[in-house]
Amino acid sequence: MTGPRRIRNPWGERSPYARGARWPVRVDLCLTEGVEVDNVDRWVPSASVLHSNGDAFDIAVRGDRIVGVRGRANDRVNRGRLDPKDLFGWQANASPDRLTTPLVREDGQLVEADWDTAMDRIVGRTRELLDGPGPDAIGFYTSGQLFLEEYYTLTTLARAGIGTNHLDGNTRLCTATAAESLKQSFGCDGQPGSYTDIDHADVITLYGHNVAETQSVLWSRILDRLAGPQPPALVCVDPRRTPVAAAATVHLAVLPGTNVALMNGLIHELIERDWIDHDYIDTYTIGFDELAKMVADWPAVRAAAVCGIDEDELRLAANVIGTADHLVSTVLQGFYQAHQATAAAVQVNNIHLLRGMLGRAGCGVLQMNGQPTAQNTRECGADGDLPGFRNWANRAHLEDLARVWNVEVDKLDHGKPPTDVMQMMDLAESGDLRMLWVSATNPAVSLPELARIRRILNGENLFLVVQDLFPTETTELADVVLPAAGWGEKTGTFTNADRTVHLSEQAVPPPGQARSDLAIFLDFARRLDLRDRSGELLPGWDDPAGAFRAWQDCSAGRPCDYTGLDYRKLRDQGIQWPCNSAHPDGAERLYADGAFFATPDSCETYGKDLVTGEPAGEAAYRERNPHGRAMLEPAPYLLAPESCSADYPLALITGRTVYHFHTRTKTGRVPRLQAAAPEVWAEISELDAAANGIVHGDRVRVISPRGEIIAAARITDIRPGVVFVPFHYGYWDTSDGTHRRAANELTRTDWDPVSKQPSFKSAAVRLVPWTG
Ligand SMILES: Nc1nc2c(c(=O)[nH]1)N[C@H]1C(S)=C(S)[C@@H](COP(=O)(O)OP(=O)(O)OC[C@H]3O[C@@H](n4cnc5c(=O)[nH]c(N)nc54)[C@H](O)[C@@H]3O)O[C@H]1N2
Ligand SMILES: Nc1nc2c(c(=O)[nH]1)N[C@H]1C(S)=C(S)[C@@H](COP(=O)(O)OP(=O)(O)OC[C@H]3O[C@@H](n4cnc5c(=O)[nH]c(N)nc54)[C@H](O)[C@@H]3O)O[C@H]1N2
Ligand SMILES: [Mo]
C-alpha cells in the first residue's frame, strides 16, 4: 500500500517538465494489505468523486470487494497520479454503518421499512400535493456528486413530469458563480480553458483557490512545472498563507470580501500601462469604455488600501499578469463564496479578454468547479438552469426542450428563473414548500446559519425525503430515508472542471437493499405513472446507458454536445466535450475562433445587473450585444454586509483541508484521513492569539451573532484580523448533541445577488478562550 507517506506529502514525488512539454506519467497505487497487482481479479474504470479534478483510475476488485485503486497512466487529467483522498477514500464504501434499508418515521422515530412502504409514502404525499396546492409545493435539492445519467433523469421527472420549478443542486453553494460568471462574460456556461494550458503557461494566477489542498493533482502539475526549466510565475490571492501562497511569486493576502476592489486595481494598472490587446478587444468584445471608466477610479494606492495589502505588491502582480505571454487563471471559493461573487469572478474573465488570452494553448481561464459532477448538474439542468444550457427566458429554447421531452411547453415555462435552494428554504419556512427531496447532500451541515436550517428541515409541515449512503445530520431530520448505492456500486458518467468526461462503472454490488439513485428516481416516476404527451413513459429509459443516450439527444447541437461520445470510448480514457461529428475526439478549448455562444438567439442568459442581480431582459440584450461578442463588464466595489465591530472584531472565513471531503461522511470513515485531521480547528494569527490570551492548541469559542462553536486554536501566518475554520465537522459523531463544531453555525443567510451563491466566507466573529 502507498502508505502514510502520501498523507504527509499529498503531492508525491516531483516529475519536472519543461514549458510546452508533455506532463510525465507517474502511476500512483493503493492496495489493501496482502493484495498485489497480479492477484487482483479485475480492474474497473472510474475516476475520483472527491473533488472536481477528475483524476482517472481503475478500481481493483477481488470477489465482491473493492481492494484498491490505481491511477490511469494514459488519462489526460492526471497521467496516473492520485491524491490522498483518491488513494484512500474508497475504503468508506465498506463502512459497517452504511444505510442498507429504507427508513420511515413512526411516532417520531425512524424505523426500518421495505421499499414499497417507503416509496408508497413518498408517492402518496406527492399525489396529495399535486391534487392540492400543485407542483409548486414540491421541491428537489440534489447534488454535485451523482452521475450525469441520474441528474438528467431527475430533471426530466421533476421539470417535464411533475412540472415544478423548484429543482436546484448544492452546486448553488459551489459552482453557481462559475456558471454565472461564464454566462455574464461569454453568454453561456462552459469552461473556456483546459488543464493542458498549465503546460504552456508562463504565468498562473490563482484567485481564492487553494488548489494544493483541493485539486491536489492539478497542483502536482503546477509543482512539476515549477521544478522544471522555464517555470511559470504564480500569483496567489488569498488571506491565508496556503501552500499555493508559499510557492507564489506574489502573494496578495487581501482582506476577506475585498476581491472586487483588488480586481479593479489590477485592471486599472493593465489599462494604464497599456498591457492590453487592442485588436482583440475591438474585434471580439463589447463594453471596454464602461470598464475603463469604472476602474479609472481605482489606482493601486486606493485598491491596496481597501484590500489591506502593499501597494507595490499589487503593482508587481499587475506587472506579472500584464507582461505574461501565456496567462492561465483559476478562480474558486475565495471569490465565489463572497458577497460580490459574480462581480469579482467576471473581472478575471475581463483580464483574459483585455489581454486576448483565450482559446490558445497556455491562455485559459478556469472558472473552477469544486464537486466531481457539478458540471453535469449544470449541464443537465438539475440546478437552477435548463438542460443543455438552454435559456429559461427564451421561448424558442423552451419549445426546443418541450420537443426533446415531448411535453407541453407551458409545463416548462414558469415565467421566472428556476428556484434556487436559498429561496426554497424561504418557501419551506413560509410553508409554501411542503415536500423536499434531498439527494446526495447534507444541508444540515453545509448550508449557512444552521440553527435556521435545522428549524426549517424539522418543520412539521415539511415532508422531507433524504437519499444518502450513510446516516447524516440531515437523514436524522427526514420523514423517509432512502439508502443509495454509491460510487463503485453503480455505473454512470461525469465531467470534470475542464470538460473531461469519464465513465465510472459498477465494480461491486451495493450493500443490503441500497439502490442506485437512478433506479430510485425511475421507480418514483413509474409509481407516479409519469407520461409524455403521447402517453409514453417519462422518463422513457430504464438504465444508465438509456439515460446517457437520451441526454445525448438533448445535448445535440448545444455547446455541451455529447453526441460523439459513448461508454465504449470512455472506457479507455476521459474525453472533453464538445464531442460530435465536428470534434470526434473532443475539443481542447472553447472560443479559439472568438465565436462565443452569446448571440441573442443562442445565449444561455440575457445577463444580469452585477450589483442587483436583476435580469436584463431580451430586448436590452438584443440591443447591447446583437452580434454575440464577449462582454467586458465593470462592477463597483461594495462593502461586505457584515463588517467587523467592537463586539465581533474578526473576519471569519471557512474552507477545506486536503484530508477531508465536505461533511466527512466518507473521509471521516477512512482511518488514515480521519486520523490526519480528527477535530475542528480555528486558524488565527499570533497577533490575535496574543490579544485574546490564546496559546496554540487551546480550545476557543468562536462566536458570531448567530451561534458559536468550540475549536482548537492553531496559530498560523494567516493575516491578522482573520479567522479560518474548516467547515467539515458536523455534530453527528459527538456524544453530546449540543456540542456544535460546524462552521455554518456561525455563517449568515446571505448570498451573491447574481449567482445566488451563499457567502460562506464572510461573517464577523470574536474569540474567547474556552474554560469549560
Ligand atoms: N480536500 C478537499 N478537496 C476538495 C473539497 C474538499 O472538501 N476537500 N471540496 C471540493 C469542492 S466541492 C470545492 S468547491 C473545492 C473548493 O476549493 P477551494 O476554493 O480551493 O477551497 P476553499 O478552502 O473553500 O477556499 C479557497 C481559499 O479561499 C480563501 N479565501 C477566503 N476568503 C477569501 C476572500 O475574501 N478572498 C480571497 N481571495 N480568498 C479568500 C481561503 O483562505 C481558502 O484558502 O474543493 C474541492 N476539492
Ligand atoms: N461554511 C462553509 N460551508 C460550505 C462551504 C464552505 O466552503 N464553507 N462549501 C460549500 C460547498 S462548495 C459545497 S460543494 C457544499 C458541500 O456540502 P454537502 O453536499 O452537504 O456535503 P457532502 O458531505 O459532500 O454531502 C454529500 C452527501 O451525499 C452522500 N452521497 C455521496 N455519494 C452519494 C450517492 O452516490 N448517492 C447518494 N444518494 N448520496 C451520496 C454523502 O454521504 C453525503 O452525505 O458545502 C458548502 N458549504
Ligand atoms: Mo463545492
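Structure shown above.
Figured I'd write up the structure that's included with this text. Predicted model, so just to flag it, every value in this text is computed and none were measured.

## Examining the sheet that holds strand 11 (residues 250–252)
Phase 1 of the analysis: One open sheet accounts for 5 strands, arranged 11-10-9-13-14; its pairing is parallel. Taken across any chain shown, the strands that pair with only one partner, and hence form the sheet edges, are strand 11 and strand 14 (364–367). Taking the axes of each pair of neighbouring strands and ignoring which way they run, one obtains an average angle of 10 degrees across the sheet.

## Some words on unusual backbone geometry
Phase 1 of the analysis: The residue after L538, namely P539, is reached through a cis peptide bond having omega -5 degrees.
Phase 2 of the analysis: Locating P539 in the fold gives a position in the loop between helix 22 (517–528) and helix 23 (544–555).
Phase 3 of the analysis: In this structure, the amide linkage connecting W577 to the following residue, P578, adopts the cis form with an omega of 0 degrees.
Phase 4 of the analysis: With respect to the element layout, P578 can be found in the loop between strand 20 (575–576) and helix 25 (618–624).
Phase 5 of the analysis: Its identity as a non-glycine residue notwithstanding, H662 has a phi of 50 degrees, on the positive side.
Phase 6 of the analysis: Position of H662 among the secondary structure elements: in the loop between strand 22 (650–655) and helix 26 (671–676).
Phase 7 of the analysis: Overall, the relative accessible area of 14% leaves H662 in the buried class.
Phase 8 of the analysis: The residue R664 is not glycine, and still its phi comes out positive at about 65 degrees.
Phase 9 of the analysis: Summarising the element assignment, R664 is placed in the loop between strand 22 and helix 26.
Phase 10 of the analysis: Taking the relative accessible area as the measure of exposure, R664 reaches 1% and is therefore buried.

## Side note on the pattern of salt bridges
Phase 1 of the analysis: Going through the model one piece at a time under the given rule, you end up with 53 salt bridges.
Phase 2 of the analysis: Note that E269 is salt-bridged to R315, the shortest N-O span being 3.8 Å. Highlighted residues: E269 in helix 10 (residues 259–272) and R315 in helix 14 (residues 311–322), separated in sequence by 46 residues.
Phase 3 of the analysis: The class for E269 is buried, based on a relative accessible area of 4%.
Phase 4 of the analysis: Residue classification places R315 among the partly exposed positions, given a relative accessible area of 32%.
Phase 5 of the analysis: Of the charged contacts in the structure, one is a salt bridge between D312 and R315, with a shortest N-O distance of 3.9 Å. Taken together, the residues span about one helical turn, with D312 and R315 both in helix 14 at a distance of 3 residues.

## So, the site of ligand 1
Phase 1 of the analysis: Of all residues adjacent to ligand 1, which total 33 residues, the nearest are T214, D238, Q333, R656 and H660.
Phase 2 of the analysis: Between ligand 1 and the protein, one listed contact pairs an oxygen atom with a backbone N or O atom of G257 at 3.0 Å.
Phase 3 of the analysis: Between ligand 1 and H660, the relevant distance is 2.5 Å, taken from a nitrogen atom to a main-chain nitrogen or oxygen of the residue.
Phase 4 of the analysis: Computed on the free molecule, ligand 1 has an accessible area of 920 Å², of which 100% lies beneath the protein chains in the complex.
Phase 5 of the analysis: Here ligand 1 occupies the second largest cavity.
Phase 6 of the analysis: It is helix 15 (residues 333–336) that provides the largest number of residues to the shell around ligand 1, a total of 3 residues.
Phase 7 of the analysis: Within the shell around ligand 1, the residues separate by chemical class into 10 nonpolar, 17 polar and 6 charged.
Phase 8 of the analysis: Each of domain 3 (176–368 + 612–631) and domain 4 (650–769) gives at least three residues to the shell around ligand 1.

What counts and what doesn't
Residues numbered from 1 in each chain as written. Chains lettered and ligands numbered in written order. Predicted model: local features only at pLDDT ≥ 70, side-chain atom pairs only at ≥ 80, totals over all residues. Heavy atoms only, no water. Pairing = 2+ DSSP bridges. Helix = DSSP H or I, 4+ residues; strand = E, 2+ residues; numbered from the N terminus. Axes fitted to C-alpha atoms, helices over the stretch in contact; angles between N-to-C directions. Buried < 20%, exposed > 50% of the residue type's maximum accessible area, 1.4 Å probe, protein only. Salt bridge = Lys/Arg side-chain N within 4 Å of Asp/Glu carboxyl O. Near = heavy atom within 4 Å. Polar contact = N/O pair within 3.5 Å; in protein donor to acceptor, adjacent residues only side chain to side chain. Areas by Shrake-Rupley, 256 points an atom, 1.4 Å probe, with all protein chains shown as cover. 1 Å grid on protein atoms, 1.4 Å probe; cavity = no way out; pocket = protein on both sides within 12 Å on 5 of 7 lines; lining within 4 Å. Sits in = over half its atoms within 2 Å of the grid points. Nonpolar A, V, L, I, M, F, W, Y, C, P; charged D, E, K, R; others polar. Domains from an automatic or database assignment.

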